[in-house]
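Architecture at a glance
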Amino acid sequence: MVGGSAMSGSKNIILERIRQALKKEDSGTTDDILTLPDIERSYEQQSNLSDEQKLHLFAERVNEYRAITEVIDEEEIGERIQSICSVSGIKSLAVPGGIEEKWVSALDSGVRLLRDEPEPLTKEELNNAAAVLTGAFLGVAQTGTIILNGGPGQGRRILTLLPDFHICVIRQEQITGILPEAIIQLDMAVKESGKPVTMISGPSATSDIELNRVEGVHGPRRLHVLVIKQKS
Amino acid sequence: MNNKPALNPITFEQSAGSYLADTQLRRNIGHATQTIRAKRATAVGELPDWEELREAGRLTKERVMNNLDEYLLQLEESVIKAGGHVHWAADGEDANRIITGLVKEKGVTEVVKVKSITTDEIKLNDALENEGIHALETDLAELIVQLAGDEPSHILVPAIHKNRSEIRDLFKEKLNIEHLSDKPADLAEAARLYLRKNFLKAKVGISGANFAVAETGTVVVVESEGNGRMCTTLPDTLITLMGIEKIIPKWQDFEVFMQLLPRSSTAERMNPYNNFWTGISDGDGPQEFHLVLLDNGRTKVLADETGRQTLFCIRCSACLNVCPVYERTGGHAYHSVYPGPIGAILTPQLRGFEDPSAASLPYASSLCGACYEVCPVKINIPEVLVHLRGKVVDYKNEKGGIRHKTDTIHIGMKFMARTFQSRNRYERLQRMGKIGQKLFVKDGAISRLPGELAKWTSIRDIKPIPKQTFREWWGDRQ
Ligand code: SF4
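All of these numbers come straight from a predicted model, not from anything done at the bench.

A short note on the overall build of chain B
Across its full length, chain B carries 23 helices and 12 strands. A sequence separation of at least 24 residues applies to 73% of the contacts in chain B between residues at least 6 apart. Summing over all exposed atoms, chain B offers an accessible surface of approximately 18100 Å²; the carbon and sulfur share of this is 52%.

Some remarks on the pairing of strand β7 (residues 237–243) of chain B
Residues and elements named next belong to chain B. β7 sits mainly inside the fold: seven of its seven residues count as buried. Side chains of β7 alternate between two faces, with Thr-237, Ile-239, Leu-241 and Gly-243 and Leu-238, Thr-240 and Met-242 buried alike. Bridge analysis of strand β4 (residues 204–207) against β7 gives four bridges, and the strand direction is parallel. By the bridge assignment, Ile-206 is partnered in β7 with Ile-239. Here seven bridges tie β7 to strand β10 (residues 288–294), and the two strands are oriented parallel to one another. Bridge assignment links Leu-241 to a residue of β10, and that residue is Val-292.

Some points on the interface of chain A and chain B
Counting from both sides, the interface comprises 83 residues of chain A and, opposite them, 103 residues of chain B. Together, the buried faces of chain A and chain B total about 8100 Å²; carbon and sulfur atoms form 58% of this surface. On the surface where chain A and chain B come into contact, there are 14 salt bridges. Close ionic contact of A:Arg41 with B:Asp253 constitutes a salt bridge, the shortest N to O distance being 2.8 Å. Where chain A packs against chain B, one counts 33 residue pairs in polar contact (both at pLDDT 80 or more).

Regarding the sheet that holds strand β7 (residues 165–171) of chain A
Residue and element names in this part refer to chain A. Spatial ordering of the open sheet is given by β1-β12-β7-β4-β2-β3, a layout of six strands whose pairing is parallel. Since the sheet does not close on itself, it has two edges, and those belong to β1 (68–72) and β3 (112–115), each with one partner. Taking each pair of neighbouring strands and ignoring which way they run, the sheet shows an average axis angle of 20°. With seven bridges joining them, β7 and strand β12 (residues 222–228) adopt parallel strand pairing. Looking at the pairing, Phe-165 lines up with Arg-222 of β12.

So, the site of the ligand
Residue and element names in this part refer to chain B. All residues in the neighbourhood of the ligand are listed as Cys-313, Ile-314, Arg-315, Cys-316, Ser-317, Cys-319, Ile-342, Cys-375, Pro-376, Val-377, Ile-379 and Ile-381. Cavity membership is defined here by more than half of the atoms lying within 2 Å of grid points; on that basis the ligand lies in the second largest cavity. By residue class, the composition of the shell around the ligand is 10 nonpolar, one polar and one charged.

So, the pairing of strand β6 (residues 145–148) of chain A
Residues and elements named next belong to chain A. Here β6 shows two buried faces, one formed by Thr-145 and Ile-147 and the other by Ile-146 and Leu-148. The sheet contact formed by strand β5 (residues 138–140) and β6 spans three bridges and is antiparallel. Bridged to Leu-138 within β6 is Ile-147. Taking the residues that link successive antiparallel strands as the turn, the β5-β6 hairpin has four residues, and the phi of Gly-144 there is positive, at about 65°. In terms of strand pairing, β6 meets strand β9 (residues 197–200) through three bridges, oriented antiparallel. Looking at β9, one finds that Ile-147 is bridged to Met-199.

Regarding unusual backbone geometry
Cis geometry marks the peptide bond from A:Glu117 to A:Pro118; its omega dihedral reads 5°. Mapped onto the elements of the fold, A:Pro118 is located in the loop between β3 and α5 (123–128). The phi angle at B:Ala267 is positive, at roughly 60°, despite the residue not being glycine. Counting through the fold element by element, B:Ala267 comes out in the loop between α12 (254–265) and β9 (273–278). Residue B:Ala267 is classed as buried on the basis of its relative accessible area, which comes to 10%. Positive phi is not limited to glycine here, since B:Leu367 has a value of about 55°. The topology assignment puts B:Leu367 in the loop between α17 (356–360) and α18 (370–374).

Describing the environment of B:Ala267
Spatially, the C-alpha atom of B:Ala267 lies 8.7 Å from that of B:Ala38, the residues being 229 residues apart in sequence. Among all residues touching B:Ala267, those that are not within four sequence positions of it are B:Ile36, B:Lys39, B:Arg40, B:Ala43 and B:Pro262.

Conventions we followed
Residues numbered from 1 in each chain as written. Chains lettered and ligands numbered in written order. Predicted model: local features only at pLDDT ≥ 70, side-chain atom pairs only at ≥ 80, totals over all residues. Heavy atoms only, no water. Helix = DSSP H or I, 4+ residues; strand = E, 2+ residues; numbered from the N terminus. Contact = heavy atoms within 4.5 Å. Areas by Shrake-Rupley, 256 points an atom, 1.4 Å probe, with all protein chains shown as cover. Buried < 20%, exposed > 50% of the residue type's maximum accessible area, 1.4 Å probe, protein only. Pairing = 2+ DSSP bridges. Buried area = accessible area lost by both parts, 1.4 Å probe. Salt bridge = Lys/Arg side-chain N within 4 Å of Asp/Glu carboxyl O. Polar contact = N/O pair within 3.5 Å; in protein donor to acceptor, adjacent residues only side chain to side chain. Axes fitted to C-alpha atoms, helices over the stretch in contact; angles between N-to-C directions. Near = heavy atom within 4 Å. 1 Å grid on protein atoms, 1.4 Å probe; cavity = no way out; pocket = protein on both sides within 12 Å on 5 of 7 lines; lining within 4 Å. Sits in = over half its atoms within 2 Å of the grid points. Nonpolar A, V, L, I, M, F, W, Y, C, P; charged D, E, K, R; others polar.

Listed below in structure tokens is the structure:
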């Protein structure tokens, strides 16, 4: 390891500088911050959107990022995925462990299924995969965001990174109204599993060339979101 | 290797003059800032609770700064618990030594990097280069800047000073591409192909951090292009450099910052990708993670009670885009990796007034207050500017003796410093100024001011104080 004593030297220097800057007497422990009352939060923490409104807002906002959103019934899922593959000429489809088998049940022989479990796919296999199919942890209507957190049916981060086309399936019940509603659930999930979280809002983009939004610099250039309608 | 900022003898005023003469640059910057400005206003206007979010953002950052030692210790503990390593760097040299050491341990000669102003601040790429390690910049704009051997000119859009035909020519030459159009999509495609093969073979990735959560050890990189995902996911080892001020106490604080940042910076409801990782995660992403905590002058900023708020900055760049001075001079005139209004207050505090270039920065403003109005964490930039001007004068006094005490700037700045401490005084002075300036306004700009102030206006026009300020307009509306 690098540094050793030099490292702890810098640690003490920095902490000492901070205490002097704040004119603190004691060297302090983390006890103080743990007992502080929360700051005042007068911003909105909950939306009053109905389930129907959330669904529409989510679809509209995801589409504004030039992704495609479709709202479908549970029974249609297999066929829809097959038809997306055939329309877009997808010949190989990567899927994480824990995917619902129904989703890939209607794929025809023209689509090679690449499973990340039990043996993880290699970087090369993923880089050559035409598309990836995953579920999601949550959606946020207000911002048109899908959130992945490595749960079942979502897989490792690399899966949704290397293939050029991401098909993401989310259930209507998973769509929250505004961001704070999603953060609360993420807070709990991170404390429980410690798994990485990725928020995705539209396909990859840059505004670096004269501020024109250009799709697809590095991540998937196409994003197709299928929302499974809640059974009423 | 000496990574202390060079004592650049060129002041803001001197270089602003030559940039003002560069019409291409002015056109690029003008187009860019106007575009983002309008978009930001829309994105912000959409949220009914924007002011409440700003207030919560400010309160959170204030709390962090007032207990910074404890939050750092808590963060360290959390990151270690999650399987990461934590390093402390008192200055840039320290950080460069730690990072180059870690990279050398892996025996690689190339690393992939995602845009980080903090690594620019300590000139990490040069330090790595000195050890024979090439740091490949992977943001499109950073790549452009790196290929051109240039300096970034905007926090968010570092290549804002280059237009697309300039970029096309650069790619053709440096990436050996024979035929390339200047369509943004084609230029992006060229960069995608070139960078993808480098991502796949990268063993070490280096990033900055937008936030780190003390309670859980979660680190975040907010981005658009996906290169942040690549750099934080593909390599075996990830090294993240963050300024000690980037901490937030807990996950819940993302409720606030993940709304404030995207809308203020890229003017979007949400930017395409946000990457959050908590130490290491079995079988997913880098299996070795190092977090380097950097001071490099930040504790000096912390010690100044008026200047302390500078550390609240979340680097959204909204203040750059509304700044009339930045719009006219571009980022390079600031001679710092932190341009615009935030640079004008941060750089002199980090570097100290011995550096004449840094000491000239608090004057790079007409104190119009637009930056304060847009700042998502409510940093009172005009107040800090005026406070720093007072300190510059004090510093010169110590060096230069009695003559300066009667200097008009000295007296003026002391007066201004008091004015900005109170909103009433500020508004009263603004009203007075509007009457007083009538004598000097010509064609909608103030191009010549009397006496000492002539030095200021001889290189730039000042926007006169509008007939009705935002505050007055708002007041009338309610
Ligand atoms: S000072 Fe405020 S507006 Fe400027 S970059 Fe920092 S957070 Fe954004």
